[in-house]
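Descriptive structure summary
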Amino acid sequence: MPLSPDLRNTLRDKLLQRRAQMVADLQDESVSEEGTLAVRSHREETDDDAVIEAMDAVEIAATARDASELAAIDRALQRLDTAEFGICIDCGAEIETARLLAEPTVLRCATCQQRYEHQHFTPGGARL
Ligand SMILES: [Zn+2]
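How each quantity is defined
In every chain, residue numbers begin from 1 and rise along the written sequence. Two thresholds apply to this predicted model, a pLDDT of at least 70 for residue-level local features and 80 or more for giving and counting side-chain atom pairs, whereas whole-chain, interface and lining totals are computed over all residues. As a rule here, side-chain values come from all non-hydrogen atoms in the structure, and water together with hydrogens is ignored. Shown as donors are all N, O and S atoms within 2.8 Å of a metal ion, widened to 3.2 Å for Na, K and Ca; because water is not in the atom set, sites may appear incomplete. Donor angles set the geometry label: tetrahedral for four donors if every angle is between 85 and 135 degrees, square planar for four and octahedral for six if opposite donors exceed 155 degrees and the others are between 65 and 115, irregular for anything else. Counting from the N terminus, the helices are DSSP H or I runs at least four residues long and the strands are E runs at least two residues long. Exposure categories follow from relative accessible area, calculated using a 1.4 Å probe and restricted to protein chains: below 20% of the type maximum is buried, above 50% is exposed, and the middle band is partly exposed. Here a polar contact means two N or O atoms within 3.5 Å. Within protein one must be a hydrogen donor candidate and the other an acceptor candidate, and residues neighboring in sequence count only if both atoms are side-chain atoms. Note on definitions: a residue-residue contact is assigned when non-hydrogen atoms from the two residues lie within 4.5 Å. pLDDT is a per-residue confidence score from the predictor, ranging from 0 to 100.

Quick word on the coordination of the zinc ion
Here the zinc ion is held by the protein donor atoms Cys-88 (SG), Cys-91 (SG), Cys-109 (SG) and Cys-112 (SG), which lie 2.3 Å from it. Seen from the zinc ion, its four donor atoms lie at angles of 104 to 117 degrees, and the figure they make is tetrahedral. Read from N- to C-terminus, the donor residues coordinating the zinc ion fall into the pattern C-x2-C-x17-C-x2-C. Linking Cys-91 in the loop between helix H2 (49-80) and helix H3 (97-102) with Cys-112 in helix H4 (residues 110-120), this pair joins segments that are 21 residues apart in sequence. Residue classification places Cys-91 among the partly exposed residues on the basis of a relative accessible area of 44%.

A short note on the side chain of Thr-105
By secondary structure assignment, the location of Thr-105 is in the loop between H3 and H4. For Thr-105, the side chain forms a polar contact with the side chain of Glu-103, separated by 2.7 Å. Not counting residues within four places of it along the chain, the set of residues in contact with Thr-105 comprises Leu-15, Ala-72, Ile-73 and Ala-76.

Here we look at the confidence of the model for the protein chain
Per-residue confidence for the protein chain gives a mean pLDDT of 84, with 82% of residues at or over 70. Per-element mean pLDDT across the protein chain ranges from 88 in helix H1 (residues 5-30) up to 94 in H3.

Comments concerning the environment of Glu-69
Here Glu-69 is to be found in helix H2. We classify Glu-69 as partly exposed; its relative accessible area is 30%. Separated by 51 residues in sequence, Glu-69 and Arg-18 have C-alpha atoms that sit 9.8 Å apart. Contact partners of Glu-69, with chain neighbours within four places excluded, come to Arg-18 and Met-22.

What follows is the structure in structure tokens.
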């Protein structure tokens, strides 16, 4: 069964809301006046170079995570109006509605997501 227009609209609202929130956060934290992505330095907060480096690294990681989530939201918004949206990219099955509502950017059904995570995020190192 294809996604109902209502569900599509609900998901679009969720995605746009989250996108607006993330853009606001990113602007707050890490976009310079020129509009380029920049990371605020913690140099004013401490004299300890190692601490500054660690704090900057944390911030860079957080910014990168936000940026990749933003990209995922944009991809989901682009897919939303296509027949591919809501279809698992691995097995072609329909992704559960509850799953889409909880996380509109998901690309896989629950079964494939589990397998994917098992293959790619095995604790203790990669296995073949
Ligand atoms: Zn699947």
